[in-house]
Amino acid sequence: MTTNNHGGARPGAGRKLIERLTLQIDLGKGTPSGNLDNMGFADLHGKRRQHQDALVVANRCKQMLLDIGLSENQQLNDMVQGFQREIADLTAEINARNASAAPYLRAAFSREFELNALISQARNRIKNGQADAERKRAELTKAGVDGADTLIEDYDASSDLAEIKELEAEAAKWAQFQQTELVRDLPPNAAESVARIGVYSSVKESFGIPL
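Residues numbered from 1 in each chain as written. Predicted model: local features only at pLDDT ≥ 70, side-chain atom pairs only at ≥ 80, totals over all residues. Heavy atoms only, no water.

## So, the overall build of the protein chain
Part 1 of the argument: Per the secondary structure count, the protein chain includes seven helices and zero strands.
Part 2 of the argument: When the helices and strands of the protein chain are read in sequence order from the N terminus, they spell out α-α-α-α-α-α-α.
Part 3 of the argument: With 211 residues in all, the protein chain has 31% of them scored as buried.
Part 4 of the argument: Contacts spanning at least 24 positions in sequence make up 71% of the contacts within the protein chain whose residues lie at least 6 apart.
Part 5 of the argument: When the accessible surface of the protein chain is split by element, carbon and sulfur atoms take 54% of a total near 13,000 Å². (Helix = DSSP H or I, 4+ residues; strand = E, 2+ residues; numbered from the N terminus. Buried < 20%, exposed > 50% of the residue type's maximum accessible area, 1.4 Å probe, protein only. Contact = heavy atoms within 4.5 Å. Areas by Shrake-Rupley, 256 points an atom, 1.4 Å probe, with all protein chains shown as cover.)

Listed below in structure tokens is the structure:
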């Protein structure tokens, strides 16, 4: 951004100009957000903070122009308005996601623990089943029975592996939802989980504070 000094030099004007140029570099924090649908929830908050910081810097630049007697710069005015629009859009998106995600947050939190437990149980069944098969073979061999490996087959883990795959896929969807808070990222059985687990009735309840 360039400006012309119509008011003549004033004491300290050089220092102000140097400070203005330094601040102008920081305005890069306010780059456009682009498609908000592709941004995670934490990214939305981070981008809004960047735009808010950039808006503060831009407003300081506007004040510096006045301090050194320069007329307002339209490019800077447009920049300030752009930051304000970005902040408003980001805030609207954050609020919309908060509202749509609210019914699913308790289910997402609780279901994560359930899924981890179910996956652990399936893995233990595989581990214990195979250990049991090996124990039986060892007992047969110790008893002098030939062909123990043929008589006692390996534990059939196919159903457990299929269950683990399904549970891990659901867990990945819940994790994605918690990152984006977009309803489109929920697993197909989200409504069933909400009906069973319930929803937070208040902020106090969500943190275990007596009502």
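Now that the structure has been shown, the text picks up again.
## Things to note about helix H2 (residues 41–67)
Part 1 of the argument: With 27 residues, H2 extends 39 Å between its outermost C-alpha atoms, agreeing within 8% with the 39 Å of an ideal straight helix rising 1.5 Å per residue.
Part 2 of the argument: All buried positions along H2 are accounted for by Phe41, Leu44, Lys47, Arg48, His51, Ala54, Leu55, Val57, Ala58, Cys61, Met64 and Leu65.
Part 3 of the argument: Of the residues flanking the end of H2, it is Gly69, one or two places downstream, whose phi is positive at about 80°. (Expected span 1.5 Å × (residues − 1).)

## Let's talk about the nonpolar core
Part 1 of the argument: Residues Ala107, Trp174, Phe177 and Leu186 are the most contacted members of the largest nonpolar core, which totals 14 residues.
Part 2 of the argument: Going through the elements one at a time, helix H3 (74–142), helix H5 (158–180) and helix H6 (190–197) are the ones with two or more residues in this core.
Part 3 of the argument: At six residues, the largest contribution of residues to this core is made by H3.
Part 4 of the argument: Excluding its chain neighbours within four sequence positions, the residues that come into contact with Ala107 are Glu112, Trp174, Ser193, Val194, Ile197 and Gly198. (Core = buried A, V, L, I, M, F, W, Y, C linked by side-chain atoms within 4.5 Å.)

## Digging into the confidence of the model for the protein chain
Part 1 of the argument: Averaged over the protein chain, the pLDDT score is 82; the fraction of residues at 70 or greater is 79%.
Part 2 of the argument: Across residues 1–9, where pLDDT falls below 50, the model places 18 contacts with residues more than four positions away in sequence or in other chains.
Part 3 of the argument: Across residues 202–211 the pLDDT falls below 50, and counting only partners more than four positions away or on other chains, this stretch makes seven contacts in the model. (pLDDT = per-residue confidence, 0-100.)

## Thoughts on the pattern of salt bridges
Part 1 of the argument: Counting across every chain of the model gives 12 salt bridges.
Part 2 of the argument: As a salt-bridge pair, Arg196 and Glu114 come within 2.9 Å of each other at their nearest N and O atoms. Separated by 82 residues along the polypeptide, Arg196 in helix H6 and Glu114 in helix H3 bring together distant segments of the chain.
Part 3 of the argument: In this structure, Asp154 and Arg137 form a salt bridge, with 2.5 Å as the shortest nitrogen-oxygen distance. Of this pair, Asp154 sits in the loop between helix H4 (148–151) and H5 while Arg137 is found in helix H3, placing the two residues 17 residues apart along the sequence.
Part 4 of the argument: A single salt-bridge network, built from bridges that share partners, covers Arg111, Glu114, Glu170 and Arg196. (Salt bridge = Lys/Arg side-chain N within 4 Å of Asp/Glu carboxyl O.)

## Some thoughts on the environment of Arg123
Part 1 of the argument: Looking at where Arg123 falls in the secondary structure, it is placed in helix H3.
Part 2 of the argument: What makes Arg123 partly exposed here is its relative accessible area of 47%.
Part 3 of the argument: Residues Arg123 and Glu163, spaced 40 residues apart in sequence, show a C-alpha to C-alpha distance of 9.9 Å.
Part 4 of the argument: Beyond its immediate stretch of four places on either side in the chain, Arg123 contacts Ile164 and Glu168.
Part 5 of the argument: In this structure the side chain of Arg123 is engaged in a polar contact, spanning 2.8 Å, whose partner is the side chain of Glu168. (Polar contact = N/O pair within 3.5 Å; in protein donor to acceptor, adjacent residues only side chain to side chain.)

## Here's the deal with a nonpolar patch on the surface
Part 1 of the argument: Nonpolar side chains collect at one region of the surface, where Leu105, Phe109, Phe113 and Tyr200 lie side by side and expose about 370 Å² of accessible area between them.
Part 2 of the argument: Mapped onto the secondary structure, Phe109 falls in helix H3. (Patch = residues over 30% accessible without salt bridge, like charges linked within 9 Å, V, L, I, M, F, W, Y side chains within 5 Å.)

## Comments concerning the side chain of Asp160
Part 1 of the argument: Along the chain, Asp160 falls in helix H5.
Part 2 of the argument: Here Asp160 falls in the buried class, since its relative accessible area comes to 4%.
Part 3 of the argument: There is a polar contact of 2.6 Å between the side chain of Asp160 and the side chain of Tyr155.
Part 4 of the argument: Apart from residues lying up to four places away in sequence, Asp160 is in contact with Ala122, Arg125, Ile126 and Tyr155.

## Comments concerning the packing of aromatic side chains
One pair of aromatic rings is described through two measures. These are the centre distance and the angle between the planes.
Part 1 of the argument: The final tally for this structure, using the stated rule, is three aromatic pairs.
Part 2 of the argument: Centroid distance Phe109 to Phe113: 5.3 Å. Interplanar angle 70°. Geometry classified as edge-to-face. Taken together, the residues Phe109 and Phe113, both in helix H3 and four residues apart, mark about one turn of the helix.
Part 3 of the argument: Overall, Phe109 belongs to the partly exposed group, its relative accessible area being 45%.
Part 4 of the argument: Between Trp174 and Phe177 the ring centres are 6.3 Å apart and the planes differ by 80°, which places this aromatic pair in the edge-to-face class. Linking Trp174 with Phe177, this pair stays in helix H5, spanning three residues, or about one helical turn. There is no split in this pair, since Trp174 and Phe177 are both buried. (Phe/Tyr/Trp six-rings, centres within 6.5 Å; stacked < 30°, edge-to-face > 60°.)

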